[in-house]
Amino acid sequence: MRNAWLALAVMLSAAPATAEEISTSDNWAVRDDRHVLVNSGISMPAKAGMVSLVKTEEFSNKGRGIDNVAQYASPDQAIAATVYVYFPSFPDAGLTAYRTSQIIMQRFGPETRLFSASLIDAGGEKAAAIRQLYENADGGTRATAAAFLRAGGWIVKLRVSGPMSRNTDIVATLDALIASLRFEDRAKPTPAHLLEVSECPIQNPRKAKPLKDKDSADAALFGALAGPAVVAGIEGGEAPPIQPLTKVCVRERFSIGPSAFEVMQATDEGVAPTSVFTVINDSGMILRASPRLLGTGHTLLIHQIGQTETLGSYDRIPSGEQLRDILSGTDSKGGAVRSRTEFDPDGSTRINVSSDQLK
């Protein structure tokens, strides 16, 4: 198991860059003083509120254009903002907002307070973004504001930070950035939802039994072939047929080192859910136990930016303890990658099946 699965996404740096660092790569284009992510149909302004654009780049997955960031800074460098646009295989703005809030609290300390969470318009679309405002971060010295939305198969995450004394400017800048976003028809924002989180009625779920290698091999093959179905309809950035989660409950909790995780399910699925999931970071990485396509039991999937990986299969949904062992690397067999499906915004896919599964 790669340690990267446990690496929480680093909040995009507020460090200012120079104007010369603005990208001119194939995926970034300048049109009428706007900066356009060509393969997404999403564009952002050169200036908004107190900040101006100082840097655009691909954050990871270099050359694929599926993980992009634009950085802004105020003239005095006190206020910094980022617009992060990425293409995950499980795009859910509510889950992203929820996990980001947990990470903000963890990173900036117990005095950090979420004082506002609401839905606001984005780029002319009604109630398309989740807006979360925080104060007293980092020992009471910092304020930060964030927003999240889904546009087609893309997640757009915005964050503005600065001194607590500039909180009004920070919020105004976030609102200006959100209002200034533009979306082509192929990437219109979908309605946003504030995620409602409660406790599940189930207690102490039983451990699952790993399936035989042959059954895991079948799951790997069909998982690879069905991988694109998770993001079916993504050609041209069109929205995948994944309904946003609105109400979830927490089945179990576990920790790996200082990082805490939750095993969740849709609230209306009661004590026998069809699937459960753990949001690993705030950048689209989700571990999901999904029903096998053939036979009974569940297969573990890792959703990430631009790909889905198939892991082990079990006779039932694994317990939180088992998921912890898989994520930490203690259970290397259960966490071994059986197949990987990579996909791009133009609808193309690449399927890789581990040679061990073909023996």
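To start, this report covers the structure provided alongside it. (Residues numbered from 1 in each chain as written. Predicted model: local features only at pLDDT ≥ 70, side-chain atom pairs only at ≥ 80, totals over all residues. Heavy atoms only, no water.)

What about the overall build of the protein?
The secondary structure content of the protein amounts to 5 helices and 21 strands. The buried share among the 359 residues of the protein stands at 56%. For the protein, restricting intrachain contacts to residue pairs at least 6 apart in sequence, the fraction spanning at least 24 positions comes to 60%. (Helix = DSSP H or I, 4+ residues; strand = E, 2+ residues; numbered from the N terminus. Buried < 20%, exposed > 50% of the residue type's maximum accessible area, 1.4 Å probe, protein only. Contact = heavy atoms within 4.5 Å.)

What about the pairing of strand 6 (residues 67-73)?
Where burial is concerned, most of strand 6 is hidden: 7 out of the 7 residues are buried. What you see with strand 6 is no split at all: Asp67, Val69, Gln71 and Ala73 on one side and Asn68, Ala70 and Tyr72 on the other are buried throughout. Summarising the sheet, strand 5 (residues 51-58) and strand 6 pair through 6 bridges and their orientation is antiparallel. Its bridge partner being in strand 6, Lys55 is matched across the sheet by Gln71. Two strands pair when backbone bridges link them, and strand 6 and strand 7 (residues 80-86) are joined in this way by 7 bridges, in the antiparallel orientation. Paired with Tyr72 across the bridge in strand 7 is Ala81. (Pairing = 2+ DSSP bridges.)

Some words on the state of the cysteines
Summed over the entire model, instances satisfying the criterion amount to 1 disulfide. Shown here is the disulfide that connects Cys200 with Cys249, its sulfur atoms set 2.0 Å apart. Every disulfide takes its handedness from the sign of the S-S torsion; for Cys200 and Cys249 that torsion is 90°, giving right-handed. Here Cys200 is found in the loop between strand 13 (196-199) and helix 4 (213-230), whereas its partner Cys249 is found in strand 14 (residues 247-256), with 49 residues between them in sequence. (Disulfide = S-S within 2.5 Å.)

Description of the nonpolar core
Counting residues in hydrophobic clusters, the biggest one holds 49 residues, and the most contacted among them are Met44, Tyr72, Val83 and Leu158. Of all the elements, strand 10 (residues 142-151) adds the most residues to this core, at 7 residues. Ignoring any residue separated from it by four or fewer positions in sequence, one finds Val83 in contact with Met44, Asn68, Val69, Ala70, Tyr72, Val156, Lys157, Leu158 and Leu177. Grouped together as the second largest cluster of nonpolar side chains are 18 residues, Ala208, Leu287, Tyr314 and Ile326 included. (Core = buried A, V, L, I, M, F, W, Y, C linked by side-chain atoms within 4.5 Å.)

Let's talk about the packing of aromatic side chains
Counted by the stated rule, this structure contains 5 aromatic pairs. For the ring pair Phe87 and Trp154, a centre distance of 4.8 Å and an interplane angle of 55° mean the geometry is tilted. With Phe87 in the loop between strand 7 and helix 1 (93-108) and Trp154 in strand 11 (residues 154-163), the pair connects residues that are 67 residues apart, well separated along the chain. Overall, the relative accessible area of 1% leaves Phe87 in the buried class. Site record: aromatic cluster; members linked through ring pairs are Phe59, Tyr84 and Tyr86. (Phe/Tyr/Trp six-rings, centres within 6.5 Å; stacked < 30°, edge-to-face > 60°.)

Some remarks on the environment of Ser118
Tracing the backbone shows Ser118 in strand 8 (residues 113-122). Residue class for Ser118 comes out partly exposed when judged on its relative accessible area of 23%. Distance in space between the C-alpha atoms of Ser118 and Leu133 is 9.1 Å, their sequence separation being 15 residues. Apart from the residues within four sequence positions on either side, Ser118 is in contact with Ala129, Ile130, Arg131 and Leu194.

Some details on the sheet that holds strand 9 (residues 125-136)
Pairing in this open sheet of 8 strands is antiparallel, and the strands run 4-5-6-7-11-10-9-8 from one edge to the other. Two strands close off the open sheet at either side, each with one partner strand: strand 4 (47-48) and strand 8. Relative to the sheet, helix 1 contacts strand 7, strand 8, strand 9, strand 10 and strand 11, its axis offset from that of strand 9 by approximately 10°. (Axes fitted to C-alpha atoms, helices over the stretch in contact; angles between N-to-C directions.)

A word on helix 1
For helix 1, spanning 16 residues, the distance from its first C-alpha to its last is 22 Å, which sits close to the expected 22 Å at 1.5 Å a residue. Burial in helix 1 covers these residues: Ala93, Gly94, Leu95, Thr96, Ala97, Arg99, Thr100, Ser101, Ile103, Ile104 and Phe108. For helix 1, the N-terminal capping position is held by Asp92, with its side-chain oxygen 3.0 Å away from the main-chain nitrogen of Gly94. The positive-phi residue at the C-terminal boundary of helix 1 is Gly109, with phi of around 95°. (Expected span 1.5 Å × (residues − 1). Polar contact = N/O pair within 3.5 Å; in protein donor to acceptor, adjacent residues only side chain to side chain.)

Here we look at the pattern of salt bridges
By the definition in use, this model includes 18 salt bridges. Close ionic contact of Arg113 with Glu135 constitutes a salt bridge, the shortest N to O distance being 2.3 Å. In this pair, Arg113 is assigned in strand 8 and Glu135 in strand 9, connecting sequence segments 22 residues apart. Using a relative accessible area of 42% as the deciding quantity, one classes Arg113 as partly exposed. Its salt-bridge partner being Glu125, residue Lys188 comes within 3.6 Å of it at the nearest N-O pair. Here Glu125 lies in strand 9 and Lys188 lies in the loop between strand 12 (182-183) and strand 13, a separation of 63 residues in the sequence. Relative accessible area serves as the criterion here: at 24%, Glu125 is assigned to the partly exposed category. Salt bridges sharing partners connect three or more residues here, namely Arg64, Glu342, Asp344 and Arg350. (Salt bridge = Lys/Arg side-chain N within 4 Å of Asp/Glu carboxyl O.)

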